[in-house]
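Chain and residue survey
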Amino acid sequence: MKLESTSEASRTHSEPFQLSRRAQALTSSVIREVLKLTEKPEIISFAGGLPAAQTFPVDALRAACNRVFVATPESALQYGPTEGFQPLRQWVAEKHNVDPARVLITTGSQQALDLLGKVFIDPGSKVLVEAPTYLGALQAFSIFEPDYMEVPTDDNGLQVDQLSASLADGARFLYTIPNFQNPTGRELSLTRRQALVERARALGLLLVEDNPYGELRYSGTPIASLHSMHPEGVVYLGSFSKILAPGLRLGYMLAPASIHAKLVQAKQASDLHTPTFTQRLAWEVLSTGMLDQHVASVCDRYGKHCAAMLDALSRHMPAGVRWSEPRGGMFIWVDLPPCVDAMALLQESVASQVAFVPGAPFYANSPRPNTLRLAFVTVPPAQIETGIARLGHILARHL
Ligand code: PMP
């Protein structure tokens, strides 16, 4: 079994047609390679980043779909404005207490990351990211050839005191995931949020706040968003993927006026607008008021999975292994002793029918090979116990 990702660049010598420099630099994601290996049903996979399909509100969406087709079939199938379907923008605006004119509906928050790359990054532009950070953001930004600078993190998220003036000097933005970060599951404390906003203001640094997991909270109380503290200096990314369904491909951005206009132009060039039909479908289902109860039931389910995994880790991991203790989200981050390479461990682990994602690809510059990410939402608690026990057994052999 070979897990190293194949470099597309190395293949281009045999390509019959000349690719762009950007395309030549693209590499296939290690995570996608790992996922291919773990698709076999006999594997207990903590590798995926997907929500549990059992949580999708299928009946509510089916009923809403019928209503859209009965009431407004033509307009649901027509082109629409780039900014998005107005009632859905209004819904988002009310949720965040902002002017609807600041809301841009996107085709998932992944598109928002691509648009930010288009609008802010020139080759060599400095971009600040957490270490580690969301791999999909690195992929989206990297196409525009930034020069990444990593800001260190600890158990309480981004280490704001490390954000020096020289580090921030000339940076186009700082990308951060304050709630239940992917990949670590960590949460940025209120004190650090306040300090980050203060520092960003002083340095004139734009913050990009990505928040697809904020509603998936299993304990503790919600913490104010960076955007709510500093709307003129923060671009906020929201997503319906984890609270409704990712296949809808629906997300949104809240941005200061000047940036919003540029993002709309960039989006128009990308896809004209997010599908009218799915926007109307989402609004139809949201306007029934089902979301609060639905999210509570998702949290109830995921919270039990999270507790089961934390409990299993505490019983099966050998001494010297540390892990995050998330209060929400989908992921637990594991720190292994420095002598263990998670990529090598994965080979053994897959042979024992257990999979995870090695941590190294989540670092922009300085990978830590002794880290890994565990996703807990799709595996039933009984299998979580079996999978973590197997992983503990393999690790014990290494230590
Ligand atoms: N940001 C983060 C931190 C994510 O983990 C993900 C996907 N899991 C996304 C953005 C993209 O989500 P989507 O495009 O489905 O909204």
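Residues numbered from 1 in each chain as written. Predicted model: local features only at pLDDT ≥ 70, side-chain atom pairs only at ≥ 80, totals over all residues. Heavy atoms only, no water.

Bringing the environment of threonine 107 into the picture now. Mapping threonine 107 onto the fold places it in the loop between strand E2 (103-106) and helix H7 (108-120). On the basis of relative accessibility, which here comes to 21%, the residue threonine 107 falls in the partly exposed class. Taking C-alpha positions, threonine 107 is 36 Å from alanine 344, a pair spaced 237 residues apart along the chain. Ignoring anything within four residues of it in the chain, the contact list for threonine 107 reads Arg249, Lys267, Asp271, Thr274 and Pro275. Polar contacts involving the side chain of threonine 107 include one to the side chain of lysine 267, which spans 3.5 Å. (Helix = DSSP H or I, 4+ residues; strand = E, 2+ residues; numbered from the N terminus. Buried < 20%, exposed > 50% of the residue type's maximum accessible area, 1.4 Å probe, protein only. Contact = heavy atoms within 4.5 Å. Polar contact = N/O pair within 3.5 Å; in protein donor to acceptor, adjacent residues only side chain to side chain.)

Around the ligand sit 13 residues, and of these Asp210, Tyr213, Ser239, Ser241 and Arg249 come closest. The separation between an oxygen atom of the ligand and a polar side-chain atom of serine 239 is 2.7 Å. Within the contact set of the ligand, an oxygen atom lies 2.6 Å away from a side-chain nitrogen or oxygen of serine 241. Protein chains bury 92% of the 400 Å² of accessible surface belonging to the ligand in isolation. Grouping the constituent residues of the shell around the ligand by class yields 4 nonpolar, 6 polar and 3 charged. (Near = heavy atom within 4 Å. Areas by Shrake-Rupley, 256 points an atom, 1.4 Å probe, with all protein chains shown as cover. Nonpolar A, V, L, I, M, F, W, Y, C, P; charged D, E, K, R; others polar.)

As for its placement among the helices and strands, serine 225 is situated in the loop between strand E7 (207-210) and helix H11 (226-229). When neighbours within four sequence positions are excluded, serine 225 is seen to be in contact with Arg193, Glu209 and Tyr236.

Tracing the backbone shows glutamate 187 in the loop between strand E6 (173-176) and helix H10 (190-203). Considered as a pair, glutamate 187 and isoleucine 177 are 10 residues apart in the sequence and their alpha carbons are 8.3 Å apart. Apart from residues no more than four positions distant in its own chain, glutamate 187 is found in contact with Asn156, Gly157, Pro178, Asn179, Phe180, Arg193, Arg217, Thr221, Ile223 and Arg327. In terms of polar contacts, glutamate 187 uses its side chain to reach the side chain of arginine 217, at 2.4 Å. A polar contact of 3.1 Å, which involves the side chain of glutamate 187, links it to the side chain of arginine 327.

This next bit is on helix H15 (residues 342-351). Those residues of H15 lying buried are Ala342, Leu345, Leu346, Ser349 and Val350. Projected onto a plane normal to the axis of H15, the buried residues spread over an arc of 130° and lie on a single side. Sitting at the head of H15, aspartate 341 places a side-chain oxygen 2.8 Å from the backbone nitrogen of methionine 343. Phi turns positive, to about 65°, at glutamine 353, one or two residues after H15. (Arc of directions from axis to C-beta.)

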